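# Observations on the model geometry
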Amino acid sequence: MEQAVGGESKRSQVTGTHLTKAKKCTVIGGSGFLGQHMVEQLLARGYAVNVFDIRQGFDNPQVQFFIGDLCSQQDLYPALKGVSTVFHCASPPPSSNNKELFYRVNFIGTKNVIETCKKAGVQVRGMLQ
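Read on for a plain summary of the structure. Small disclaimer: the values here were computed from a predicted structure and weren't measured. (Residues numbered from 1 in each chain as written. Predicted model: local features only at pLDDT ≥ 70, side-chain atom pairs only at ≥ 80, totals over all residues. Heavy atoms only, no water.)

### A few points about the sheet that holds strand 6 (residues 85-88)
The condition that has to hold: DSSP bridges decide pairing: two strands pair if at least two such bridges lie between them. Numbered from the N terminus, helices here are DSSP runs of H or I no shorter than four residues, and strands are runs of E no shorter than two. Axis lines are fitted to C-alpha atoms, over the contacting stretch for helices. Their N-to-C directions set the angle, which ranges from 0 to 180 degrees.
Pairing is parallel across the open sheet formed by four strands, whose spatial order is 5-4-3-6. The sheet terminates laterally at strand 5 (63-67) and strand 6, the two strands that pair on one side only. Mean inter-strand twist for the sheet, computed between neighbouring axes without regard to direction, equals 20°. Here strand 3 (residues 24-28) runs beside strand 6; their pairing, made up of four bridges, is parallel. What sits directly across from V27, in strand 6, is F87.

Shown next, in the form of structure tokens:
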């Protein structure tokens, strides 16, 4: 016997669109070292994964790639629409001495990610540093 929760059975909740959205995410900077490892782990756990980056660093038919500038809402929005979780892993390599690039990616880019998540309907819950 199925137990009804909020007018829906448990079976319909599990097979419904809510779970599908909850299992879809975007990894920003997914072509980088950390990002690629996150993508692998998310796929292994059954997530549908989008990758947003300035380049496509690997091929995987299970991943939808979006190429663009994370400081551009126009570029970023399509990669965030319809996902429940966003992992922001983009950062210049530590060996870079370009302070302008660090500021652009780590400050302006992160600010744009938060704003674009809100516009795309992704709930912003918190950030790790």
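### Regarding the side chain of T116
Applied cut-off: Contacts are assigned to residue pairs that have any heavy atoms within 4.5 Å of one another.
Mapped onto the elements, T116 comes out in helix 5 (residues 99-120). Other than its neighbours up to four places away in sequence, T116 contacts Q73, L76, Y77 and L80.

### Notes on the nonpolar core
Side chains that are nonpolar tend, in soluble globular proteins, to be buried together. To be explicit about the condition: We define the nonpolar core as a collection of buried residues of types Ala, Val, Leu, Ile, Met, Phe, Trp, Tyr and Cys that are connected through side-chain atoms lying within 4.5 Å of one another. With a 1.4 Å probe rolled over the protein chains alone, any residue whose accessible area is under 20% of its type maximum counts as buried; one over 50% counts as exposed, and the rest are partly exposed.
I28, F52, L70, L76, L80 and V113 are the most contacted members of the largest nonpolar core, which totals 14 residues. Breaking this core down by element, the ones donating at least two residues are helix 4 (73-80) and helix 5. The element that contributes the greatest number of residues to this core is helix 5, accounting for four residues. Here V113 is in contact with I28, L70, L76, L80, V86 and H88, once residues within four sequence places are set aside. Core analysis: the second largest hydrophobic core is formed by 11 residues, L43, V49, V51 and V63 among them.

### Some details on the layout of surface pockets
What counts, and what does not: The way it works is a 1 Å grid over only the protein atoms, where trapped points that fit a 1.4 Å probe form a cavity and open points with protein on both sides within 12 Å along at least five of seven lines form a pocket, and then any residue with an atom within 4 Å of a point lines it. Grid points are joined across faces, edges and corners, and a volume is the space filled by probe spheres set on the points. Asp, Glu, Lys and Arg are counted as charged, while Ala, Val, Leu, Ile, Met, Phe, Trp, Tyr, Cys and Pro are counted as nonpolar; the rest, among them Gly, fall into the polar class.
Put simply, the second largest pocket is a space of about 420 Å³. D53, I54, A90, S91 and P92 are the residues nearest the centre of the second largest pocket, which is lined by 23 residues in total. Elements with a contribution of two residues or more to the lining of the second largest pocket: helix 3 (33-44), strand 4 (48-53) and helix 5. Tallied by class, residues from the lining of the second largest pocket come to 13 nonpolar, six polar and four charged.

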